[in-house]
Amino acid sequence: MHIVVCAKQVPNPEAAFSMFRIDEEAKRMVPAPGLQLVMSPFDEQAVEAALRIREHHADARTTVLTLGPDSARNAIKHGLAMGADEGVLLCDAAFEDADSYTTAHALVAAIRKLGRCDLVLTGRQAADWDAGVVGAGVGELLGLPVITFAKDVHVEDTTVRIERVLDDGTEIMEAAMPALVTVSNELGAARTPNLRETMRAARKPVTVWKAADLGLAADEVGAAGARRVVERLFVPVKNNRCEFIAGSPEEQAAGLAQRLRAAKLI
Ligand SMILES: Cc1cc2nc3c(=O)[nH]c(=O)nc-3n(C[C@H](O)[C@H](O)[C@H](O)COP(=O)(O)OP(=O)(O)OC[C@H]3O[C@@H](n4cnc5c(N)ncnc54)[C@H](O)[C@@H]3O)c2cc1C
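Residue positions are given per chain, counting from 1 as you read along its sequence in written order. Thresholds applied to this predicted model are a pLDDT of at least 70 for local features of residues and 80 or more for the giving and counting of side-chain atom pairs; totals over whole chains, interfaces and linings are not thresholded and use all residues.

K.L.:
For this particular structure, what's the right way to read the overall build of the protein?
P.N.:
Check the secondary structure of the protein and you find 7 helices and 13 strands. Dimensions of the protein along its principal axes, counting C-alpha atoms only, are 75 × 45 × 40 Å. Here, residues touch in the contact sense if the C-beta positions derived from the backbone fall within 7 Å of one another. Sequence separation of at least 24 residues holds for 72% of the intrachain contacts in the protein that already meet a minimum separation of 6. A run of H or I in DSSP becomes a helix once it reaches four residues, and a run of E becomes a strand once it reaches two; helices and strands are each numbered from the N terminus.

K.L.:
Quick question: what am I supposed to make of the site of the ligand here?
P.N.:
The criterion for a residue being near a molecule or strand is a backbone-placed C-beta atom within 6 Å of that molecule or strand. Residues in contact with the ligand amount to 32 residues; listed here are only the nearest, Thr122, Gly123, Trp129, Ala131 and Val134. Elements that contribute at least two residues to the shell around the ligand include exactly α1 (41-56), β6 (61-67), α3 (100-114), β8 (119-123) and α4 (134-142). Its residues placed into classes, the shell around the ligand shows 15 nonpolar, 10 polar and 7 charged. Polarity classes work like this: nonpolar for Ala, Val, Leu, Ile, Met, Phe, Trp, Tyr, Cys and Pro, charged for Asp, Glu, Lys and Arg, and polar for all others, with Gly in that last group.

K.L.:
Help me understand the environment of glutamate 96 in this model?
P.N.:
Its place among the elements puts glutamate 96 in the loop between β7 (86-90) and α3. With 39 residues separating them along the chain, glutamate 96 and histidine 57 place their C-alpha atoms 37 Å apart. Residue contacts for glutamate 96: discarding those within four places in its chain leaves Gly222 and Ala223.

K.L.:
Is there a simple way to explain the environment of alanine 127 in this structure?
P.N.:
Structurally, alanine 127 is set in the loop between β8 and α4. The spatial distance from the C-alpha of alanine 127 to the C-alpha of valine 10 is 6.8 Å, given a sequence separation of 117 residues. Dropping the residues within four chain positions of it, alanine 127 is found in contact with Val10, Pro13, Ser40, Pro41 and Phe42.

K.L.:
How should I be thinking about the nonpolar core in this particular structure?
P.N.:
The nonpolar side chains of soluble globular proteins are, as a tendency, buried together. Note on definitions: a nonpolar core is a set of buried residues drawn from Ala, Val, Leu, Ile, Met, Phe, Trp, Tyr and Cys, linked by C-beta atoms within 7 Å. Partly exposed residues are those whose C-beta has more than 12 but fewer than 20 other C-beta atoms within 10 Å; 20 or more makes a residue buried and 12 or fewer makes it exposed, with C-beta atoms placed from the backbone. Ranked by size, the top nonpolar core spans 64 residues in total, and within it Val5, Ala106, Leu107, Ala110, Leu121 and Val181 carry the most contacts. Among the elements that make up this core, the one with the highest residue count is α3 (7 residues). If we ignore the near neighbours within four places in the chain, the residues touching leucine 107 are Cys6, Leu65, Leu67 and Val138.

K.L.:
Where do I start with helix α2 (residues 73-82) in this structure?
P.N.:
For the α-helix, the turn length of 3.6 residues means that residues three or four positions removed from each other point alike. Of all 10 residues in α2, 8 are buried, a share of seventy percent or more. Within α2 the residues assigned to the buried category are Ala75, Ile76, Lys77, His78, Gly79, Leu80, Ala81 and Met82. Just downstream of α2 lies glycine 83, where phi reads positive at about 140°.

K.L.:
Can you walk me through the environment of threonine 159 in this structure?
P.N.:
If you trace the backbone, threonine 159 turns up in strand β10 (residues 159-166). Linking threonine 159 and methionine 177, residues 18 residues apart in sequence, is a C-alpha distance of 5.5 Å. Those residues in contact with threonine 159, other than ones at most four positions away along the chain, are Glu174, Ala176 and Met177.

K.L.:
Explanation requested: the packing of α3 against α4 in the structure shown.
P.N.:
How two helices sit against one another is set out by the angle between their axes and by the gap between those axes. Packing of α3 against α4 leaves a shortest axis separation of 9 Å and a crossing angle of 50°. Here α3 lies oblique to α4, going by the angle between them. Our pair here, α3 against α4, has a crossing hand that is right-handed. Here Ser100, Tyr101, Thr103, Ala104, His105, Leu107, Val108 and Ile111 of α3 come into contact with α4, specifically with Val134, Gly137, Val138, Leu141 and Leu142. For the contact of α3 with α4, a count of residues per class yields 9 nonpolar, 4 polar and no charged. Only the stretch in contact is used when a helix axis is fitted, and all axes are lines through C-alpha atoms; the angle between N-to-C directions ranges over 0 to 180 degrees. Here roughly perpendicular refers to angles of 65 to 115 degrees, roughly parallel to angles under 35, roughly antiparallel to angles over 145, and oblique to all remaining angles. By convention, the crossing between two helices is left-handed when the near helix turns anticlockwise from the far helix through less than a right angle, and right-handed when the turn is clockwise.

K.L.:
What exactly am I supposed to notice about unusual backbone geometry here?
P.N.:
Excluding glycine, most residues fall at negative phi; most peptide bonds, likewise, are trans. Omega for the peptide link from methionine 177 to proline 178 comes to 5°, which places this bond in the cis form. If you trace the backbone, proline 178 turns up in the loop between β11 (169-176) and β12 (179-183). For aspartate 97, which is not glycine, the phi torsion reads 55° and is therefore positive. Its location among the elements puts aspartate 97 in the loop between β7 and α3. Take aspartate 97: there are 11 C-beta atoms within 10 Å of it, and that puts it in the exposed class. Non-glycine residue lysine 264 carries a positive phi angle of around 60°. Relative to the helices and strands, lysine 264 resides in the segment after α7 (249-262).

See the structure below:
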């Protein structure tokens, strides 16, 4: 069984808000120098799901697939240190400024080139832009059944069985493989690589493909092939007014009621 996990490298979502700046003119996020880049946490959980499947299927092989700059190799190395078997990095100037469609398009070309693939796992959404589109897009372009928001993923013979997160509970779904599953944080914590696995990861193969290696023309990937237009990118300005009502607790309560009534809130 071959499991491909699509994993994106993102600016550390735990970083202080002050480390992010928006260039409204260029409509892009400008990371502060020193901002750490990590594998998107939802994608770590997708790697974790693949490794849990392998615990029950000794024949399972896991490939971590990433589209990004050369630095994204570190996200792949992290997946390999967690226990994945090999990595593929799609790295080419032509891939820059991809939108959800051109990202999915390139990932699909790579999955096809990898040959046999029984299960594609993605995160429920990337922790930087949170679009939550690429996973379903990859499934659609590959013509695979897609099941989203998995908190548990099991493989039995040629069927993938998912416990799926709902607003008010869970549901169990099955699909014939090959299939695509997007993994949610409810799966539970991803394993932390230990020293031995981290050292072994250094010897695991990472293949780098450019657009031409995938048979993709420069005008169908990255910004050139993008279908989404970013109209405006900005941090909304919030004007919060705060008033402290003085007096005894009774006077404060009466003052609060007066103001709420004046604002027609009660
Ligand atoms: C308003 C806005 C402005 C943007 N501006 C820019 C910009 O100026 N420059 C720029 O480069 N990007 C920009 N982007 C980001 C770019 O469009 C996204 O990277 C791309 O659309 C993928 O969407 P996403 O990151 O939200 O992934 P999602 O759809 O949220 O990702 C879902 C899952 O798909 C997989 N996945 C997604 N991306 C990758 C990847 N690269 N490699 C492997 N797996 C992946 C992961 O498993 C992930 O969990 C912008 C996005 C928005 C919303």
